[in-house]
Amino acid sequence: MIRLQKYLAECGVASRRASEQLIGAGRVTVNGKTAGIGDVVDPAVDKVAVDGRSLDRDGKVYIILNKPCGVITSVKDTHDRKTVIDCVMGVRARVFPVGRLDKDVEGALLLTNDGDLAFRLTHPSYQVAKIYLAWVNGVMTPETAVRIEKGVKLEDGKTGPAEVIILNTGAQTTLVRLVLREGRKREIKRMCEAVGHPVRELRRIAVGGIRVKGLRPGEWRYLNDSEINRLHRLTGLKPS
């Protein structure tokens, strides 16, 4: 038998202290029941899960973070600025961000130590969907939205097909929902500017079907088994 917080630490979930916080928050279950601080488990028999994801000592770690504005998408920063790794302090495993979000962009960012999955999620050939909300200058017309959907010519070539829905228009701004399957640098900002609607604010609300709903900026959680399997299927990997 082993104390639950020690077992979580050995699985790479978090430090012992951070694991106690997870247990106290009701995010850990043992055999389907919410665990309590001080519980002990038998790893050979008991099924332990965090945020619905089953654990084992050799398991990979998968996290969804609602990245705040002002945070760098990097493991380290030479200018000592806050990075996304600082947002998940306490996670014992050495995770890294999957792709990137600009410093001034908020929203869904995956972090993992699964290199195979990360490579496929960011490779354009796998066409993994990313959903954004963009507040842009000016009143965007349906005709302009269609131009974006068909592709916009940029300095590095024409953008791929996208899905664009105008959600709301004001006197000077428009709220647009965009679904992209490319991963070019600053793609949304550049293509919106190219059609005359510079971006005022940008937020990514989902990547690969994994949403940040319920997470405030700076908050994170572990993916559950269903979400992990979904990402594996999307990228042609065998579900875990």
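Refer to the structure printed above.
Residues numbered from 1 in each chain as written. Predicted model: local features only at pLDDT ≥ 70, side-chain atom pairs only at ≥ 80, totals over all residues. Heavy atoms only, no water.

Caption draft 1: Structural view of the layout of surface pockets. What the largest pocket holds in volume is close to 490 Å³. Lining the largest pocket are 28 residues, with Arg-100, Tyr-132, Gly-183, Arg-184 and Arg-204 positioned closest to its centre. At the level of elements, helix 4 (115-122), strand 10 (130-137), helix 6 (187-194) and strand 15 (199-207) are the ones that each hand at least two residues to the lining of the largest pocket. Grouping the constituent residues of the lining of the largest pocket by class yields twelve nonpolar, five polar and eleven charged. (1 Å grid on protein atoms, 1.4 Å probe; cavity = no way out; pocket = protein on both sides within 12 Å on 5 of 7 lines; lining within 4 Å. Points joined across faces, edges and corners; volume = space filled by probe spheres on them. Helix = DSSP H or I, 4+ residues; strand = E, 2+ residues; numbered from the N terminus. Nonpolar A, V, L, I, M, F, W, Y, C, P; charged D, E, K, R; others polar.)

Caption draft 2: Seen up close, helix 7 (residues 225-234). Every buried residue of helix 7 is listed here: Glu-227, Ile-228, Asn-229, Leu-231 and His-232. On its buried side, helix 7 packs onto strand 6 (53-54), strand 7 (62-67), strand 9 (106-112), helix 4, strand 16 (210-211) and strand 17 (220-222). A distance of 3.1 Å separates the backbone nitrogen of Ser-226 from a side-chain oxygen at the start of helix 7, and that oxygen is part of Asn-224. Positive phi shows up at Gly-236, right after helix 7, with a value of about 75 degrees. (Buried < 20%, exposed > 50% of the residue type's maximum accessible area, 1.4 Å probe, protein only. Contact = heavy atoms within 4.5 Å. Polar contact = N/O pair within 3.5 Å; in protein donor to acceptor, adjacent residues only side chain to side chain.)

Caption draft 3: Summary view of the pairing of strand 15. Pairing of strand 9 with strand 15, which is carried by two bridges, proceeds in the parallel orientation. Note on strand 15: the bridge partner recorded for Glu-106 is Arg-203. Two elements, strand 10 and strand 15, share seven bridges in a ladder whose sense is antiparallel. Among the inter-strand pairings, Trp-135 is bridged to a residue of strand 15, identified as Glu-201. In this sheet, strand 16 lies alongside strand 15 in antiparallel orientation, the contact comprising two bridges. Along strand 16, the bridge assignment pairs Ala-206 with Arg-211. Here strand 15 hands over to strand 16 after two residues, with Gly-208 in that stretch at a positive phi of 60 degrees. (Pairing = 2+ DSSP bridges.)

Caption draft 4: A look at the environment of Thr-122. By the secondary structure assignment, Thr-122 is in helix 4. Along the primary structure Thr-122 and Leu-167 are separated by 45 residues, whereas in three dimensions their C-alpha atoms are 27 Å apart. Residues contacting Thr-122, with those up to four places away along its chain left out, are Val-98 and Gly-99. Of note is the side chain of Thr-122, whose polar atom sits 3.0 Å from the backbone oxygen of Ala-118.

Caption draft 5: Up close: helix 4. Every buried residue of helix 4 is listed here: Leu-117, Ala-118 and Leu-121. Considered in projection along helix 4, the buried side chains sweep an arc of 100 degrees and stay on one side of the axis. The exposed residues of helix 4 that point more than 90 degrees off its buried face are Asp-116 and Phe-119. On its buried face, helix 4 sits against strand 7, strand 8 (96-97), strand 9, strand 10 and helix 7. Near the N-terminus of helix 4, the side chain that reaches the backbone nitrogen of Asp-116, with its oxygen 3.3 Å away, is that of Asp-114. (Arc of directions from axis to C-beta.)

Just distances and angles here, no functional claims.
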